[in-house]
Each structure stands twice: as C-alpha cells, then as structure tokens.
Amino acid sequence: MHEISKLAPVIADLKVADIPNTNKLICEAVLEKGASGVIAHAFPMDSLMACIDSVAAYGADLYVVTEMSHPGAEQFMAPLAED
C-alpha cells in the first residue's frame, strides 16, 4: 500500500466492525501502511470510538457506514421513512 499511497490517496474500505481493540489495531495497521482514510460501521459506539481515536492520531479521515443498500440490512438498520 505504501507504493500506491505515494501516487494517490488510499481509503481502506474494510467496513471495520469488531471489538474496540481489534478496530484500533486494524485502523493503525492500514494507516501505518499509508492509507489516508478508513471506512467503519457505526455500531457499536465503543468500537466506532476506537476507530475515531486511531484515525485522529494519524490525522487521517474516517468514513462511517450508517445505512446499507443490501436488502438483508433491514434486519439491522432502521427502516427509511417513506414520504
């Protein structure tokens, strides 16, 4: 990833969603390799906070998945309001 990140920004599209310490380790690993951002799920909050803290320490960006387009996601996400 170091070589690619020299050419363009790299966003690690991992959709991180693990326990806090594992999220921390995942974020740190890809950021140390040159990623400029990480994608993580918004749940649970303590796991997301681990990503926020890790990314902030590297001055990188965090992109948070709050909704999913996959039909099966309705089991886990709030239904969208209909107009």
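Residues numbered from 1 in each chain as written. Predicted model: local features only at pLDDT ≥ 70, side-chain atom pairs only at ≥ 80, totals over all residues. Heavy atoms only, no water.

Asker: How do you make sense of the overall build of the protein when you look at a structure like this?
Answerer: Counting its secondary structure elements, the protein contains three helices and three strands. The principal-axis extent of the C-alpha atoms belonging to the protein is close to 45 × 25 × 20 Å. Counted over contacts in the protein with a minimum sequence separation of 6, partners at least 24 positions apart contribute 63%. Treating the 4 positive side-chain charges of the protein as one cloud and the 12 negative ones as another, the clouds have centres 16 Å apart. (Helix = DSSP H or I, 4+ residues; strand = E, 2+ residues; numbered from the N terminus. Contact = heavy atoms within 4.5 Å. Lys, Arg positive; Asp, Glu negative; His and termini not counted. Charge placed at Lys NZ, Arg CZ, Asp CG, Glu CD.)

Asker: Before we go on, may I ask you to explain the packing of helix α2 (residues 20–32) against helix α3 (residues 45–58) in this structure?
Answerer: In a packed pair of helices, the relevant descriptors are the angle between the two axes and the axis-to-axis distance. Two elements in contact, α2 and α3, have axes whose closest approach is 8 Å; the angle formed by their N-to-C orientations is 25°. Judged by the angle between their axes, α2 and α3 are roughly parallel. Relative to α3, α2 is oriented so that their crossing is right-handed. Contacts between α2 and α3 pair Pro20, Asn23, Lys24, Cys27, Glu28, Leu31 and Glu32 from the former with Asp46, Ser47, Leu48, Ala50, Cys51, Ser54, Val55 and Tyr58 from the latter. Its residues placed into classes, the contact of α2 with α3 shows eight nonpolar, three polar and four charged. (Axes fitted to C-alpha atoms, helices over the stretch in contact; angles between N-to-C directions. Parallel < 35°, antiparallel > 145°, perpendicular 65-115°, else oblique. Left-handed = near helix turned anticlockwise from the far one by under 90°. Nonpolar A, V, L, I, M, F, W, Y, C, P; charged D, E, K, R; others polar.)

Asker: Got a minute to help me understand the pattern of salt bridges in this structure?
Answerer: Oppositely charged side chains may form a pair once their charged atoms are brought near each other. Across all of its chains, the model carries three salt bridges by this definition. Note that Glu3 is salt-bridged to Lys6, the shortest N-O span being 3.4 Å. Highlighted residues: Glu3 and Lys6, both in helix α1 (residues 2–7), separated by three residues, approximately one helical turn. For the pair shown, Glu3 and Lys6 are each scored as exposed. (Salt bridge = Lys/Arg side-chain N within 4 Å of Asp/Glu carboxyl O. Buried < 20%, exposed > 50% of the residue type's maximum accessible area, 1.4 Å probe, protein only.)

Asker: Even after reading the chapter, I still don't get the pairing of strand β2 (residues 37–41), so can you show me in this structure?
Answerer: The two faces of the sheet receive side chains in turn, since in a regular strand these alternate between them. For β2, the buried fraction is high: five of the five residues fall into the buried class. Neither face of β2 is left uncovered, since the one carrying Gly37, Ile39 and His41 and the one carrying Val38 and Ala40 both have all their residues buried. Two strands pair when backbone bridges link them, and strand β1 (residues 11–16) and β2 are joined in this way by three bridges, in the parallel orientation. Bridge pairing in β2 links Ile11 to Gly37. Note on the crossover from β1 through α2 to β2: the handedness is right-handed. Looking at chain direction, β2 and strand β3 (residues 61–65) are connected through five bridges and run parallel. (Pairing = 2+ DSSP bridges. Right-handed = clockwise from strand over helix to strand, strands pointing away.)

Asker: Please explain the sheet that holds β2 as it appears in this structure.
Answerer: Sheets are built from strands paired through backbone hydrogen bonds, the pairs being either parallel or antiparallel. A sheet is described by the order of its strands in space; here three strands give the open sequence β1-β2-β3, paired in parallel fashion. Looking at strand neighbours, the two that pair on one side only are β1 and β3, the edges of this open sheet. This sheet shows a mean twist of 20° between the axes of neighbouring strands, independent of strand direction. Across the sheet, α2 touches β1 and β2, and the angle it forms with β1 is around 170°.

So yeah, pure geometry; function would need other evidence.
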